[in-house]
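Examination of the molecular architecture
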Amino acid sequence: MRLLPVSVVLLFAAPTYAHFHMLLPAKHSIREDEQVVVTYQFGHPFEHELGDAEKPIRAVAFAPDGKSTDLLPAVEKVFLPAVEGKRAVGYQIAFRPSGRGDFTLVFESPPVWMVDEKHFVHDVTRVVIHVQTQNGWDKRHVDPNDFTLIPLTRPYGLRPGTVFQALARPGAANVSHLVEVERYNPAPPKTLPPDEQITLALKSDPAGVATCTLPDPGWWAVTATRRYGPKQTQSTREREGKAYPVVERATLWVFVDDPPPRKPGD
């Protein structure tokens, strides 16, 4: 499939911070035959500032046994609240799992032109929806050549402060990938901390393993940016007669539960 470059329309009022594709189920854990709405949007998760998302070029659900279902025909365009009363384009799907276990949803974006950075981003975003039985959350589920983050820690049932690990694949020998971690706020915060406290930056180890701590409840984006080895070549895409790099990123959305109630002391 040929990927057509697009430009992203930003509806942001603040300076440009980290921007990611978000793939957020209304509930991260459901029961068999229960339906859940999943929203795909683009913007700054922590600031809750949204821009127009382009329709994904691929949307697939993987069952625990690896069987795939094409979701793209059922993806619907929606308009989401943005800053200053504006609306941003997003996409939604009503997903109903076919059984029990862990279902992985994978959405792939077209190459999106980032004006400030002067490059394209090509994102593959995934989220796990848990359905009663713990089975399948650690599966790769995508082509071996696709850059992706595979959870090494179960991506649900987590308590605040949990140490989380994921594996970036494919990787080159002794190459560390940049990994950014950012919490999603369902509404814009009244005040913002310094930008270095909004997005945590770290490196994977040379084997591709990224390790971070998720300190607060809610949805977290763990995003790896692919770094290439000496024998690998980054792809480019032409814009206005000039070639620009296409930055490959893989985002895994992870949910942290509220702290469980403590038993009162005797």
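Anything mentioned here points back to the structure above.
Residues numbered from 1 in each chain as written. Predicted model: local features only at pLDDT ≥ 70, side-chain atom pairs only at ≥ 80, totals over all residues. Heavy atoms only, no water.

1. Some words on the pairing of strand S10 (residues 101–108)
When a strand is regular, its side chains alternate between the sheet's two faces. Counted only if it meets this: Using a 1.4 Å probe on the protein chains alone, a residue whose accessible area is under 20% of its type maximum counts as buried, one over 50% counts as exposed, and one in between counts as partly exposed. Counting from the N terminus, the helices are DSSP H or I runs at least four residues long and the strands are E runs at least two residues long. Note on pairing: two strands pair once DSSP finds at least 2 bridges between them.
When you tally the buried positions in S10, you get eight out of eight residues, the bulk of the element. Sheet analysis places strand S6 (residues 58–62) next to S10, joined by five bridges and oriented antiparallel. If you follow Ala59 over to S10, its bridge partner there is Phe107. Pairing of S10 with strand S12 (residues 119–131), which is carried by eight bridges, proceeds in the antiparallel orientation. Opposite Glu108, over in S12, you have Val124 as the bridge partner.

2. Observations regarding the environment of Val83
If you trace the backbone, Val83 turns up in the loop between strand S8 (76–81) and strand S9 (87–95). Val83 sits 32 residues away from Gly51 along the chain, and the two C-alpha atoms are 9.4 Å apart.

3. Section: the nonpolar core
To be explicit about the condition: We call a set of buried Ala, Val, Leu, Ile, Met, Phe, Trp, Tyr and Cys residues a nonpolar core when their side-chain atoms join them within 4.5 Å. The contact definition used throughout considers only heavy atoms, calling two residues in contact when any of these lie within 4.5 Å.
Residues Leu23, Val38, Leu71, Phe95, Leu105, Phe107 and Trp253 are the most contacted members of the largest nonpolar core, which totals 32 residues. Here this core takes five residues from S9, the largest share from any one element. In this structure Trp253 touches His21, Met22, Leu23, Leu24, Pro45, Thr125, Arg126, Val127, Tyr184, Trp219, Trp220 and Ala221, once residues within four positions along its chain are discounted. Counting 19 residues, the second-largest nonpolar core is a separate cluster that includes Ala168, Ala210, Val222 and Val254.

4. Description of the packing of aromatic side chains
Under the convention used in this document: Only centres within 6.5 Å qualify two rings of Phe, Tyr or Trp (six-membered ring in Trp) as a pair; their planes then separate them into stacked at under 30 degrees, edge-to-face at over 60, and tilted for everything else.
According to the stated counting rule, one finds six aromatic pairs in the structure shown. When the ring of Tyr40 is compared with that of Phe107, the centres are 5.3 Å apart and the planes differ by 35°; the resulting orientation is tilted. A residue pair is termed long-range when its members are at least 10 positions apart, and Tyr40 in strand S4 (residues 36–44) and Phe107 in strand S10 qualify at 67 residues. Of the two residues, Tyr40 and Phe107, both sit in the buried class. Centroid distance Tyr184 to Trp253: 6.5 Å. Interplanar angle 85°. Geometry classified as edge-to-face.

5. Focus: the pattern of salt bridges
This is how the line gets drawn: Definition used for salt bridges: Asp or Glu carboxyl oxygen within 4 Å of a side-chain nitrogen of Lys or Arg.
Inspection of the entire model under this criterion finds five salt bridges. For the salt bridge of Arg58 with Asp146, the shortest nitrogen-to-oxygen distance reads 3.7 Å. One end of the pair, Arg58, is in strand S6; the other, Asp146, is in the loop between S12 and strand S13 (148–151), and 88 residues separate them in sequence. Overall, the relative accessible area of 26% leaves Asp146 in the partly exposed class. One salt-bridge network, in which partners are shared between bridges, spans Arg58, Glu108 and Asp146.

6. Some points on the sheet that holds S13
So the rule is basically this: Lines fitted to C-alpha atoms define the axes here, with helix axes fitted over just the stretch in contact, and angles between the N-to-C directions of these axes take values from 0 to 180 degrees.
Read across the sheet, three strands follow the order S13-S14-S17 without closing on themselves; strand pairing throughout is antiparallel. Each having just a single partner strand, S13 and strand S17 (209–214) make up the two edges of the open sheet. Averaged over all neighbouring strand pairs, the angle between strand axes comes to 35°, with direction disregarded. Of the strand pairs in this sheet, S13 and strand S14 (residues 162–169) are connected by four bridges, and their pairing is antiparallel. Each residue of the ladder has a partner; that of Ile150, found in S14, is Leu167.

7. Brief notes about unusual backbone geometry
Of note, the bond from Arg169 into Pro170 is cis; its omega dihedral lies within 30 degrees of zero at -5°. In this fold, Pro170 is placed in the loop between S14 and strand S15 (178–183). Notably, Lys118 is not glycine yet its phi reads approximately 60°, a positive angle. Tracing the chain through its elements places Lys118 in the loop between strand S11 (112–114) and S12. You can call Lys118 partly exposed: its relative accessible area is 44%.

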